[in-house]
Structure formats: C-alpha cells, structure tokens
Amino acid sequence: MSLRKTYVTKPILDWAKRALPSLSETEAEAVNSGDVHFEAELFSGKPDWRMLRDLQAPTLTEEERAFIDGPCREFCDMIDPWDIDHQSGDLPAEAWKFLRDKGFFGMIIPKDHGGLGFSAYAHSEVVRYIASHSATAAVTVMVPNSLGPGELILQFGTEDQKRVWLPRLASGDELPAFGLTSEDAGSDASAMTDEGVICKGTWNGEDVLGIRMNWAKRYITLAPVCSVLGLAFRLRDPEGLLGPAGDIGITCALVPTDLPGVETGRRHLPSGTMFMNGPTTGKDVFIPLDHIIGGPDYAGRGWMMLMSALAAGRGISLPSLSAASTAMAAHTTGAYSRIRKQFNLPIGLFGGVQEAMARIASNAYVLDAGRRLTTAALDEGHNLAVISAIMKYHATDRMRDTLNDAMDVHSGKAVIDGPLNYLQPFYRAVPIGITVEGANIVTRNLIIFGQGAIRAHPYLLKEIEALQEPDPEKALDAFDQHFWGHVGHSIRNLLRGGWSAWTGRGDAPADAGKVAPVYRRLSRWSAAFAITADMAFLTLGGALKRKEMISARLGDALSEMYLIAAVLKRWEDEGRNDADLPLVHHATETGFARIGQALDETIANMPARWVGWVLRPILRPGAHPRGPSDKVTEAAAKLIYAPSATRDRLVQGLHTPAPDSGLGRIDSAYRLVEEAEPITKRLREIGKTATEGREAGILSDAEFEQLERVEAAVQRVVAVDDYTPEELERLFSDMRPATPWPEAAE
Ligand SMILES: Cc1cc2nc3c(=O)[nH]c(=O)nc-3n(C[C@H](O)[C@H](O)[C@H](O)COP(=O)(O)OP(=O)(O)OC[C@H]3O[C@@H](n4cnc5c(N)ncnc54)[C@H](O)[C@@H]3O)c2cc1C
C-alpha cells in the first residue's frame, strides 16, 4: 500500500466517514433514479459548451403541429374560462368528452399502447397553448400526463399492466389521479400514515393474496372524477406472507375508485381555479397484489418510483404553464402600456413602468429558453432529476414575479375581477404552481442543491459510495482515487475562478459572436461556484444537509447558471437575432448579479471564517455586476411595447382569443393604436387634440374618424366589469360546505 494511502488518505477516510453525508437505501435509490445533463457541466467548473450547443433544438413533427392547430384550438374555443371558474365550476361535458376522444390524456403514452406518443416538447407546447387560455383546463390536461399512473406504469409497470391499463388511460376510458399527499404528510410525504397490509382476500370471487388499504388523502387533482387512483402508501406485511414479516415501505398501486370502501367526489376550491381537486379516503379497500405498479417486486420501492416519475413530469407541466402565463403577461402588459395613457403619454414611456416591463419581457424570454432546453434534453432520453427541480422552482417563482409586475402595470384594470379581466386567472393560479410538485421553499432549500450536489458533482457521489463500501481495502482504494481527483479538481477551480475573476477571461466558444462575453462570465462563475460548493462540503460535511440557507443559495447560483446557459442556447437556436440582444443582456445581467450575490452570501455565512479569508480575495464574489443598466432595461421594455419580431417570438404559439374577450379586445386596440401612430405623432408634435387638429384642418375627416375608432377600442380595453346587486347575488351563492367532510364532523 502506498505511503499516501496509509498516512494521508486513510485518516481522511476515517474523518470523512464521520463528516460526509451518508445515504440511506431510500436516499440512494432516489439519488440514482434520475440522471444529469448540462447542470453537471456547470458543476464541474469548466463547462463543455459543445454539449450545450450540439443539443438538437426542439421542434414539432407535422402531426404534433397539426394537433395544436386543430384539436387544441378547437378545445380552447369550446371553453369559457370565466364560466368554468365562476359559474359552472367545471369544464363543459362536451369539453371533457373532446379531451378523451382526441387523446389529450394520453400524450405521453406511446402509440403502440394507443396514446399520442408525443415528444416532451410537443407535450409542453400543448400545455403552454391551453394554459394561455385557461389554467384550469391546462391543469386538467396536465395531470394525467405528468406524475401519475400513466408515467409510473410506463416506467415501472409490468407488461400486463402496460397492456391492460395504458390503452384505457390513453383513450380516456380510465381517468387517473395521483394520491401521495395526506393530511399530515405534505412535503414530508414519506411520513404518510396511509397504509396497506398484506393479507388474503376475495377478488373476482377467488381467494387471493392482496392488500387491505386505508387512506385519507387530500388536495388530489382529478380525485373527484377519477376512475383509478395511483396511490402511494406504506405497505406492511405483519404475517410475512410476501417475505420476512415487517414494514415493506412506500409502495404505489392502482386502485379503481368503484371498489367498496373508496370515497371520492368531494371537491376543494383551489385558489378559484376550478379544476377537479379534492380529498379521498379509503376504508378497508382490498386490491390484489398485481395492482402494485411494477408487481410485487416493486413493493416498497415507491419512493424511488415517485422520484423518477417526478424527474420527467416536473420538467414539463409547471414550466409550460408558467411559460404561458409569463408570455401572456409580456403580451398584454406590453400592449396595455402602449394603449393606456396617463399624463398625456402612453404609460410604457415612463421609466418606472419600463423597469417592470423589462423584467416581464426578460422573464418570458428566460422561461421559454429554460423550457426548450429542458424538453430538448428530456427528448434525448434523459431523466432530469436536478434540472426538473430547477425548472419547477424557477419557472413558478418567476411566473409569480412576472404576474406581480403585470398586475402593477395594469393597476385597477387587473384588480377588478370579471370576464374582461385577463390577468386574474393567471394571478390566481400562481400559488398552485408554487405549492404543488414539491412546494417551492422545500424545493429551493433542500432539493436543488441537495440533490444536485450529490448527483451532478463529478466526485462527491463516488466518494460517498466509497465510504459505504464494506470491504476496507476496496473502500480505501476507491476513496484514494476519487478523493485525490477531487482535490485536483478543487485546486484547478480555485485557480480558474481566481484567474477569470481578476482578468475577466474565461472559456467561450471561438465562434460565440456577440454573446462571447456572456459565455466567459458564465465560465468564471461556474469555477467560482464549484470551488465554493467544495468548500461547503469540506467545512460542513454532512451538516450541509441541515444548513438549508447555504444549500438554497448554492442552489440559486446553480439554477441561475442553468438559465443563463438556456438563454445562450435559445439565442443561438433562433438564429442569433441581434434584435433580441436587449433581452439576452437583461436576462443574463440579472442572472449574474444573483449568482454573485448568492455566492457572496454563501461565503459570508460559512461557519468556518477562514473560508471567506481564502475565497473572497481570490474569487471576488462581492464584485459582482449590479444587474442590467438603465439603457438595457429601456431597450428590453421597448421590445414588448412596440410591435416587433422579438415580441412575436416571445408570444408565439399562444391561443388566439375570441374578438370580444378581454384578450381579444386588447389585441385589436393595440393594432388600431399602432396603425394610427403616424396621425397621433403629427398631433403630438403640434400639441393638439384630435378635435383641435380637425378644426385646424390638420386632420382629414377620415383620420379623425380613425382616431375615434381607436379611442373606442381603447375604452373597451380599459373598461372593467360591474354588476347589479341581483347579478352579484347569483354569482355568490352560499359557498359554505353544508355537509362537513366526515373527519371534520367527528
Ligand atoms: C391545488 C393543489 C393540487 C395538488 N395536487 C396534488 C395531487 O394531485 N396529488 C398529490 O399527491 N398531492 C397534490 N397536492 C399536494 C401538494 O403536493 C402539497 O400541497 C405540497 O407537497 C405541500 O404540502 P403541504 O401543502 O402540506 O405543505 P407543508 O408540507 O405543510 O409545507 C408548508 C411549508 O413548509 C415548507 N417546508 C416543509 N418542509 C420543509 C423543509 N424541510 N425545509 C424547508 N421548507 C420546508 C414548504 O415548502 C411549505 O412552504 C396538491 C396541492 C394543491 C394545493
């Protein structure tokens, strides 16, 4: 054995066994359930730009395009969002039927099982399109295609389950819901008390081995109307009928809702967004063993299965819904700021409003960039555990920021609710996006970096695995190899990070063109991030798991880097449009400022003070940029204020609204205002109103009438709804539940 191993590596190995996080079997299964992509390059400190640039830009097949132009449009045209959310509280029966008949619930199911077999990108485009019209409808379509029975059967189902269930799910004959959350177990879903016990029972008249289940789930989307529940529960085998007696662990099974003991039907009202959502209980419900997803071999492996299914769905559903909301906010706020005047000027010309508009436009650009990069990687067959968490958190968080900005700019117009208010439905849906598929605080603080560190770091997982190797000699060999590799990696990143922090030089592809400085700065921050993360592992070890604020900041830095990479990729894939550069700059400057701040605060809060003394002067995290300049901000805001190809690119692929809807009105007023701009400009220059202009012979009668039409169109946009007391009485029927949910009544 070498001297290094004996006298240096061995003591470090002994220390690391105590200090580094160990993985329980469940954690190890969850960590291994997804894979990594470009975030691992960012974690390496020296990203390989070829990987990013070579990734095929996502596109739709002809069939997928036709589905959006055909059934998606037809579906949206048949539903009225106001009616669903405020009057009927549900999609019309013909819309449900249409969704089933046209295969909306089977987008992810391959064609040979009767589904549409869409790519991740096409699936995302469908959700984005529908969400631009109705969040309620989008959630309805999203859920069966996201984490749930379909995805779980596809990934883990037995051949029989695939043969029996997938065609029925694809045709909509079976409508699934996915039940994980229970009354006391929300974010900590593994603490659920819902239980299944292995026992004998009767199924189709025969005595079989099965599971007797009891559960009380809440918040379950589609539960009130579903025909089959994909349930997660804790499985026990007290009599040892399946193997050694005892606790088997979290398990997922298919439970038809027509079985005796299953209760569904009651509804929650989720933030005024009236998709089907409600509680479900089960009392002594018996299912045979072959209802376990994956069969009895997968009993107890539910947590890994859920993590794996989440890695796919989480990267598509909410990011697509958020991209739709954000694009709609850019579209409407840009237009509204153009047509709404105060102090005799369109409000979009005021600097304060422009700041909000620039943020909206750049968020719309970034979110869609992230969505495209993520779906492109999913379509390459990756199961993106870390990236899907990044996208879930940042897409919904930026959607919230964007809608807040959009509401501010629209002011009273967006506050007063009614069918004419096109922002409220998006605004109301925000908390749902923030809460579901991993509530945002826990996703930011525990998951992104917590999982990213172990999954995407080039050495950490290998070191942890070496620590868990039972054979001491093998453990030492493996640890020696990975530990010294890790040390070399850290030193290189320290030098690289320091060099680029002081010289401004970092790697960029030779042909990067106008965005080469962005690549260079991303290289700089990648190295700085990698060494800062390593210092956090070194000084905090296993305690890093509990230091959520440090973990969250490192997760922020990683996420911002991923989104900047997505922006670079989008700019490239769309043909390097110079006109879009203000958005690229606004987005990346914002990202760099956040990364600098996140790393600066991480270092400042590291319990070992010496880390700051070493890293701060080398990496200069405090010398981070201030974010976008006023010039960039103004230029970015103008891109959504006036019609432009950039604006069209931002809002492409959204549903075309009915002419008399709130959205339809703003579209036509915006067009009319633009068409009349030469006339209004003439009047502005001479400081006259339209009437004065006509009297002075500066405006022809036709021009005057055109301005009158513009004014009428603008008034139709700024109009808000009001109601008679009788109308309001009808709207507000008594919403208090007359019959309390059984538990509440006891
Ligand atoms: C409209 C809607 C639809 C839903 N649909 C479904 C569905 O179809 N199927 C399903 O199974 N579930 C569903 N859910 C449940 C959803 O996934 C949970 O609401 C979510 O997991 C959070 O659980 P909770 O609401 O109990 O919050 P809690 O878990 O009580 O969390 C409260 C707060 O504490 C934070 N927190 C918790 N632990 C930590 C930690 N360790 N570190 C930092 N912060 C922490 C959370 O981020 C959150 O901010 C739905 C929920 C809603 C509202």
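Further up the page is the structure itself.
What comes next concerns the included structure.

Each value, and the rule that gives it
- Residues numbered from 1 in each chain as written.
- Predicted model: local features only at pLDDT ≥ 70, side-chain atom pairs only at ≥ 80, totals over all residues.
- Heavy atoms only, no water.
- Helix = DSSP H or I, 4+ residues; strand = E, 2+ residues; numbered from the N terminus.
- Rg over C-alpha atoms; globule rule 2.2 N^0.38 Å.
- Buried < 20%, exposed > 50% of the residue type's maximum accessible area, 1.4 Å probe, protein only.
- Contact = heavy atoms within 4.5 Å.
- Areas by Shrake-Rupley, 256 points an atom, 1.4 Å probe, with all protein chains shown as cover.
- Lys, Arg positive; Asp, Glu negative; His and termini not counted.
- Charge placed at Lys NZ, Arg CZ, Asp CG, Glu CD.
- Polar contact = N/O pair within 3.5 Å; in protein donor to acceptor, adjacent residues only side chain to side chain.
- Near = heavy atom within 4 Å.
- Nonpolar A, V, L, I, M, F, W, Y, C, P; charged D, E, K, R; others polar.
- Patch = residues over 30% accessible without salt bridge, like charges linked within 9 Å, V, L, I, M, F, W, Y side chains within 5 Å.
- Salt bridge = Lys/Arg side-chain N within 4 Å of Asp/Glu carboxyl O.
- Core = buried A, V, L, I, M, F, W, Y, C linked by side-chain atoms within 4.5 Å.
- Axes fitted to C-alpha atoms, helices over the stretch in contact; angles between N-to-C directions.
- Parallel < 35°, antiparallel > 145°, perpendicular 65-115°, else oblique.
- Pairing = 2+ DSSP bridges.

1. Some points on the overall build of the protein chain
Part 1 of the reasoning: Counting secondary structure elements, the protein chain contains 32 helices and nine strands.
Part 2 of the reasoning: Here the C-alpha radius of gyration of the protein chain, 28 Å, is about what a compact globule of 746 residues would show, namely 27 Å.
Part 3 of the reasoning: Expressed along its principal axes, the backbone C-alpha trace of the protein chain runs to roughly 100 × 75 × 50 Å.
Part 4 of the reasoning: Taking all 746 residues of the protein chain together, 57% fall into the buried category.
Part 5 of the reasoning: Counted over contacts in the protein chain with a minimum sequence separation of 6, partners at least 24 positions apart contribute 77%.
Part 6 of the reasoning: Of the roughly 30,700 Å² that the protein chain leaves accessible, carbon and sulfur atoms contribute 53%.
Part 7 of the reasoning: Here the protein chain contributes 78 positive and 98 negative side-chain charges, whose respective centroids are spaced 7 Å apart.

2. Description of the side chain of S500
Part 1 of the reasoning: Of note, S500 is situated in helix α20 (residues 472-503).
Part 2 of the reasoning: Overall, the relative accessible area of 4% leaves S500 in the buried class.
Part 3 of the reasoning: Within the structure, the side chain of S500 is placed 3.4 Å from the backbone oxygen of G497, a separation counted as a polar contact.
Part 4 of the reasoning: Look past the residues within four positions of S500 in its chain and what remains in contact with it is R505, G506 and R524.

3. Describing the site of the ligand
Part 1 of the reasoning: Not every one of the 20 residues close to the ligand is listed here, only the nearest: L180, T181, S187, Y219 and E548.
Part 2 of the reasoning: In the model, a nitrogen atom of the ligand is placed 2.7 Å from a nitrogen or oxygen of the T181 side chain.
Part 3 of the reasoning: Between the ligand and the protein, one listed contact pairs a nitrogen atom with a backbone N or O atom of Y219 at 2.8 Å.
Part 4 of the reasoning: Relative to its unbound accessible area of 960 Å², the ligand is 68% covered by the protein chains.
Part 5 of the reasoning: Residue assignment for the shell around the ligand shows that the elements contributing at least two residues are β1 (176-179), β3 (206-221), α17 (424-435) and α18 (440-456).
Part 6 of the reasoning: In terms of residue class, the shell around the ligand is made up of 12 nonpolar, seven polar and one charged.

4. What to know about a negative patch on the surface
Part 1 of the reasoning: A surface patch of like charges, here negative, comprises D722, E726, E727 and E729.
Part 2 of the reasoning: Note that D722 resides in the loop between α30 (701-718) and α31 (725-731).
Part 3 of the reasoning: A relative accessible area of 67% places D722 in the exposed class.

5. Some thoughts on the nonpolar core
Part 1 of the reasoning: The biggest cluster of nonpolar side chains holds 185 residues, and the ones touching the most others in it are F75, F104, I130 and V255.
Part 2 of the reasoning: Here this core takes 14 residues from helix α14 (residues 351-379), the largest share from any one element.
Part 3 of the reasoning: Leaving out residues up to four positions away in the same chain, F104 has contacts with F67, P71, C72, F75, F98, L99, V126, I130, V141 and N145.
Part 4 of the reasoning: Core analysis: the second largest hydrophobic core is formed by 29 residues, L147, F178, M305 and M307 among them.

6. Things to note about unusual backbone geometry
Part 1 of the reasoning: You will see that R576, though not glycine, has its phi angle at about 55 degrees, which is positive.
Part 2 of the reasoning: Here R576 shows up in the loop between α22 (548-573) and α23 (581-604).
Part 3 of the reasoning: Residue R576 is classed as partly exposed on the basis of its relative accessible area, which comes to 29%.
Part 4 of the reasoning: Of note, R620 is a non-glycine position whose phi angle comes to about 50 degrees, a positive value.
Part 5 of the reasoning: Classification of R620 by relative accessible area gives partly exposed; the value is 27%.

7. Thoughts on the environment of L222
Part 1 of the reasoning: With respect to the secondary-structure elements, L222 resides in the loop between β3 and β4 (228-237).
Part 2 of the reasoning: Spatially, the C-alpha atoms of L222 and T264 are 9.6 Å apart, while their sequence positions differ by 42 residues.
Part 3 of the reasoning: Every residue in contact with L222, bar those within four places of it in the chain, is listed here: W96, T140, V143, P144, L175, P176, A177, M276 and N277.

8. Here we look at the packing of helix α15 (residues 385-410) against α22
Part 1 of the reasoning: One can describe the packing of α15 onto α22 by two numbers: an axis separation of 10 Å at closest approach and a directional angle of 85 degrees. Here α15 lies roughly perpendicular to α22, going by the angle between them. Only D556, L558, S559, E560, Y562 and L563 of α22 make contact with α15, whose side of the interface consists of V386, I387, I390, M391, H394 and R398.
Part 2 of the reasoning: Tallied by class, residues from the contact of α15 with α22 come to seven nonpolar, two polar and three charged.

9. A look at the pairing of strand β7 (residues 277-288)
Remember that side chains alternate between the two faces of the sheet whenever the strand is regular.
Part 1 of the reasoning: Within β7, 10 of the 12 residues are buried, leaving the element largely enclosed by the surrounding structure.
Part 2 of the reasoning: The pairing of β3 with β7 spans nine bridges and is antiparallel. When the sheet's bridge partners are listed, M213 is paired in β7 with V285.
Part 3 of the reasoning: Direction of pairing for strand β6 (residues 262-263) relative to β7: antiparallel, over a ladder of two bridges. In the strand pairing of β7, E263 is matched with T281.

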